[in-house]
Structures are given as C-alpha cells and as structure tokens.
Amino acid sequence: MSTFVVENRIWDQAETLPRGELAALQGAKLAETVERVQRIPFYQRKFAEAGISPGQIKSVDDLQRLPFTTKADLREEYPLGMLAVDRADVARYHGSSGTTGKPTMVAYTRNDLNTWANLCARFLTGGGLLPEHSVQIAFGYGLFTGGFGLHYGVERVGASVIPAAAGNTPKQIMLMLDMQVDALVCTPSYALNISEFIIQNDIPRNALNLKYAHFGGEPWTEDMRTRIEDELGILCFNNYGLSEVIGPGVSGECAVRDGMHISEDAFMVECINPETLEPVAPGEEGELVFTSLCKEAMPIIRYRTRDIASLNPEPCACGRTSVRMSRVTGRSDDMLIIKGVNVYPSQIEQALLRVEGTAPHYRIEVDRPDRKDVATVKVEMTEDRFSPSVKEMQELKDKIDRAIQGITGLRMNIELVSPNSLERFVGKAQRVIDHRKKG
Ligand code: DLL
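Residues numbered from 1 in each chain as written. Predicted model: local features only at pLDDT ≥ 70, side-chain atom pairs only at ≥ 80, totals over all residues. Heavy atoms only, no water.

## Some details on the environment of L175
Item 1. Mapping L175 onto the fold places it in helix α6 (residues 169-178).
Item 2. Sequence-wise, L175 and Q136 are 39 residues apart; in three dimensions their C-alpha atoms are separated by 8.4 Å. (Helix = DSSP H or I, 4+ residues; strand = E, 2+ residues; numbered from the N terminus.)

## Here we look at the packing of aromatic side chains
Item 1. Scanning the entire structure with this criterion turns up nine aromatic pairs.
Item 2. Seen from their ring centres, Y240 and F290 are 6.2 Å apart, and the 35° between their planes marks the pair as tilted. Of this pair, Y240 sits in strand β7 (residues 235-242) while F290 sits in strand β11 (residues 286-292); the two residues are 50 residues apart in sequence, bridging distant segments of the chain.
Item 3. Judged by relative accessible area, which is 8%, Y240 ranks as buried.
Item 4. An aromatic cluster is present here, built from F42, Y43 and F47 joined pairwise through their rings.
Item 5. Between the NZ or CZ atom of R257 and the centre of the ring of F237, over which it lies, the distance is 5.6 Å. (Phe/Tyr/Trp six-rings, centres within 6.5 Å; stacked < 30°, edge-to-face > 60°. Buried < 20%, exposed > 50% of the residue type's maximum accessible area, 1.4 Å probe, protein only. Lys NZ or Arg CZ within 6 Å of the ring centre and 35° of its normal.)

## Quick notes on the sheet that holds strand β20 (residues 413-417)
Item 1. Spatial ordering of the open sheet is given by β20-β19-β18-β21, a layout of four strands whose pairing is mixed. Lying at the two open borders of the sheet, with one neighbouring strand each, are β20 and β21 (432-434). With direction set aside, neighbouring strand axes in the sheet form an average angle of 20°. (Pairing = 2+ DSSP bridges. Axes fitted to C-alpha atoms, helices over the stretch in contact; angles between N-to-C directions.)

## So, the site of the ligand
Item 1. For the ligand, the set of nearby residues contains 22 residues, the closest of which are N239, S243, D307, R331 and K428.
Item 2. In the environment of the ligand, a nitrogen atom lies 3.3 Å from a nitrogen or oxygen atom belonging to the backbone of P219.
Item 3. Here an oxygen atom of the ligand sits 2.8 Å away from a polar atom, N or O, in the side chain of R331.
Item 4. In isolation the ligand offers 610 Å² of accessible surface; the protein chains occlude 96% of this area.
Item 5. With five residues, the single largest contributor to the shell around the ligand is β7.
Item 6. Residues that form the shell around the ligand fall into these classes: seven nonpolar, 10 polar and five charged. (Near = heavy atom within 4 Å. Polar contact = N/O pair within 3.5 Å; in protein donor to acceptor, adjacent residues only side chain to side chain. Areas by Shrake-Rupley, 256 points an atom, 1.4 Å probe, with all protein chains shown as cover. Nonpolar A, V, L, I, M, F, W, Y, C, P; charged D, E, K, R; others polar.)

## As for the nonpolar core
For soluble globular proteins, the rule of thumb is that nonpolar side chains tend to be buried together.
Item 1. Membership of the largest hydrophobic core comes to 68 residues, with the highest contact counts inside it found for Y43, L66, Y240, L288 and F290.
Item 2. Considering each element in turn, this core owes the most residues, seven residues, to helix α4 (residues 110-126).
Item 3. If you look at the next biggest cluster of nonpolar residues, it comprises 24 residues, including A191, L210, C236 and L353. (Core = buried A, V, L, I, M, F, W, Y, C linked by side-chain atoms within 4.5 Å.)

## Some points on the sheet that holds strand β8 (residues 247-253)
Item 1. Here we have nine strands laid out as an open sheet, ordered β4-β3-β5-β6-β7-β8-β9-β14-β13, and mixed in their pairing. The open sheet terminates on both sides in strands that have one partner only, identified here as β4 (160-162) and β13 (311-312).
Item 2. Of the strand pairs in this sheet, β7 and β8 are connected by four bridges, and their pairing is antiparallel. Along β8, the bridge assignment pairs G241 with P248.

## Regarding the side chain of H94
Item 1. By the element assignment, H94 lies in strand β1 (residues 92-95).
Item 2. What makes H94 buried here is its relative accessible area of 1%.
Item 3. A polar atom in the side chain of H94 sits 3.0 Å from the side chain of R92.
Item 4. Within polar-contact distance, the side chain of H94 engages the backbone oxygen of L143 at 2.9 Å.

## Observations concerning unusual backbone geometry
Item 1. Y78 connects to P79 through a cis peptide bond whose omega is -5°.
Item 2. Backbone geometry places L277, a non-glycine residue, at a positive phi of 65°.
Item 3. By secondary structure assignment, the location of L277 is in the loop between β10 (267-272) and β11.
Item 4. Of note, N420 is a non-glycine position whose phi angle comes to about 65°, a positive value.

## Some words on the pairing of strand β19 (residues 374-381)
Item 1. Buried residues dominate β19, accounting for six of its eight residues.
Item 2. As paired strands, strand β18 (residues 358-367) and β19 are joined by seven bridges and run antiparallel to one another. Pairing of R363 across the sheet is with K378, part of β19.
Item 3. Linkage of β18 to β19, two consecutive antiparallel strands, is achieved through a turn of six residues, within which D370 is found at a positive phi near 50°.
Item 4. Note: β19 against β20, five bridges, orientation parallel. By the bridge assignment for β20, V379 is matched with L416.

## Topic: helix α10 (residues 390-408)
Item 1. Relative to the 27 Å expected for 19 residues at 1.5 Å per residue, α10 spans 27 Å between its end C-alpha atoms, a close match to the ideal helical length.
Item 2. What α10 keeps buried is the set M393, L396, I400, D401, A403, I404 and T408. Buried residues along α10 cover an arc of 165° about the axis, so they all sit on one side. Within α10, the exposed residues directed more than 90 degrees away from the buried face are K391, R402 and G406.
Item 3. For α10, the elements touching its buried residues are β17 (341-343), α9 (345-353), β18, β19 and β20.
Item 4. Looking one or two places after α10, you find G409, whose phi comes out positive at around 80°. (Expected span 1.5 Å × (residues − 1). Arc of directions from axis to C-beta. Contact = heavy atoms within 4.5 Å.)

Written as structure tokens, this is what we have:
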C-alpha cells in the first residue's frame, strides 16, 4: 500500500455551491444551451417533432421535456452536422474511438478548451495534483481526448507534464525512473502492463518516486485498483468522461474515493432505465445521460452514453456538493447476454482478480454452436503457478470456475494460457470477442 496521503483540496468555488444555487445556475445555463442548439438543424427538427419551443425551457425541471441524442444521431450528422458555431471559431477537433467505421468528430472553441482544462484541473486537484508535481501522460495524443485533455488539465494546475504518450513500456519506465515522476496518467489496463514490466524486470519499487495515478478511459474494478496499488505502492484515482460530452473531466474521484464527483455546473446528469427511458432511483443502476451546459462548439442535449452506473446525491465528506457517480460497470453495448443472463466483462475481471495464480489478463469469447451460448474465458496464469501438473491446473480451473459462477451465476469454459501469451493493450483494452451474430 501507498504511504502517500492526499489532502482534501478543492480547485474552484463552483465545486461547493449550495444545491439551490447550483440548480438556479443550471437552469439559466440550460436555457442558454437550448437557445444555442437552435443553430443546429438536427435539434431544430428534434424540437419541432417534440413540439417544444426553446422559450419554454426555463429551469432544471424542464430537462425531461427535451429529446434525447444518441450515438446513431451523431453518426448520421458526421462529420460536423452538430456544430453550433462557424468553423472559423473552432480551435480544435477530436474524435471518439469508434471500433468500426468513422470516428465521431467533436469540436471545441477557445472557450471550450478553457472550460475543459479547468474541469480536468478539478479532478486532478481532488486526486492529489500539486503545482510542484511532474505527471507522465501515457495516453494517446491524437484524436483521442485522453492525451490532450489531461495535458492541459495538468498545465492548468501549474504542474509539469511529461507527454510520454501511449506505448513503448520500457521507455515509459525509464522516464519514470530518471525523471522521478510523481504521478502517472493512463488507462488502467496500460497501468497493469507498466506494473507487470516493473515486476518482471526486478525494478525496485523504491527506485520509483511515483505517488499516485489517475486512470480513466475504460471500465475497471475495485479489485484491479487494489492490485495496481499493491504492486506499485501508489494511490489510484478514477476519472470518467467521453468525447461527445467533452472528453475526460466529466467526473473524477476526490481524496475520499467513494464515487466520482460530476461537474454539475458544466453538465446535467440523469440516470435512466435504458428500456423505459424513465429515471431510476438514486443508487440504482441505469444508463447515464448528460446535457452540456457551457459548451459552445458542440452543445449536446440529453446524450445517451450507454454507460451503466448509479448516482449518489448524498453529500461527500470532502465538501463538494456535486452528485457522485459509481464506477461504470460496463457499456450497455459491451454487455453480453449469455444464456439469457446479462454479463459485463468487469464481472469476469472481478472474479479473476480474486483467484490467486491468475494474472488479470483475460479474453472472453462467446459463440453459439448448436444454438446454445458457450462462453470461454482465456486467462493467463502467473509465472509461479505455471505448472506441468495436470492436477494443479485442474484445481486452478475449478477455482476460477467457482469464482465466475459466484459472481455471474454462469458456468463458462476456462482455458488457462501461459504467462504473457495474451495481447497487451496500450490504450483501451479489447477483452471480448463475440462470434455470435449480433442483432
Ligand atoms: O475515453 C475520455 C477519457 C479519456 C476519459 C481519458 C477519461 C480519461 P471516449 O474515447 O469517447 O472518451 O470513450 C468514452 O469510455 O463512454 C466509457 O464507456 C468509457 N470510460 C471513460 N472513462 C471511464 C471510466 C474517453 N473511468 C467511453 N470508467 C465512455 C469506465 C470509462 N469507463
């Protein structure tokens, strides 16, 4: 465990606004946003279809009268149908990491970039960043919002950036050692690779000066946090965001680390039942929906993220007044339905991390031979458990089988594979291969 202590620090006063003041501010900004989106033909149509005129939207209570926006809508408007400003006023473009086809392009004005840096500075400050720290950013720098988003957030705090970008793990570690880096920023799955490299190469942990890390960009579990914290002797913080909404900076953990504070002065959040589209109760899981309140270039109304999480409106010990979101348990489009049971890759991860002798590198393959779903989990053994004894291998498989069954209620085929045999990822991990036809 880390001996590093993160003191409770708050970046700006908007984080602690009394709820009443926040609602008034949100109402005013919502009305402005609704006016602004009238410059976008897509929203003109949507508002007309819903029979709403912008002047009718005056307070936060009117949010639910507005139409939803989906990923499919954004695809149809590719590349810049959702732009609410002249192209001359755009300062930067990014794109979301689409697994297939074209990315979804997003745009920022100068003011948007300023807002974004401020939002990233908030969660970074909440999670330990001080102006005297140096931060290694091992996210991709490119269309992906992770690299540049965090980069400007770190600079906004006044700390120094080492823009290492993703990949080349030996070099990452060389930099971390030589530059005595204080904090690491990357995806949790890439952090796992970095940690693995450090262990495999017998690099003494005290040669590193690393104190904490900010991970985001993909789902991860509490067990994964414990694992990385133990291996690297650091504190790990979770932060969340998506390009369509702004990028990283939508929410992040504070020193209490009990949920991610949503920057509600910049976004309104809802949590809905993805089937009925009705709000779920606080604490209940549902799909997160965000409405931007201060974006100029690409304001967005009620964006259905497909991310499944729950909201906690209880006040936090840190003094921030914002609603906190739980970890994202999965994206509704990553959810597997196996024999009629809903399973998220994060549940498998949780099970595997609880079985000694397995490395947290896994792949889930699903197929449907003879019209019956069959799920196979390929999991790497750790070096010390890799054994020629059939009996030991069988015992390990049985343990994994029981752990997965305990969490998902399902039996899956377990395939043990040798250490270091599964592909490693430097950005977002791809852990599921579904051979069944979708649809
Ligand atoms: O991943 C933005 C980001 C970059 C956030 C770096 C945090 C750090 P996209 O590429 O558009 O943007 O992917 C967004 O990634 O809808 C979630 O499904 C997932 N995601 C992002 N952060 C988390 C997280 C960036 N902390 C999609 N936990 C989102 C779980 C996350 N899932």
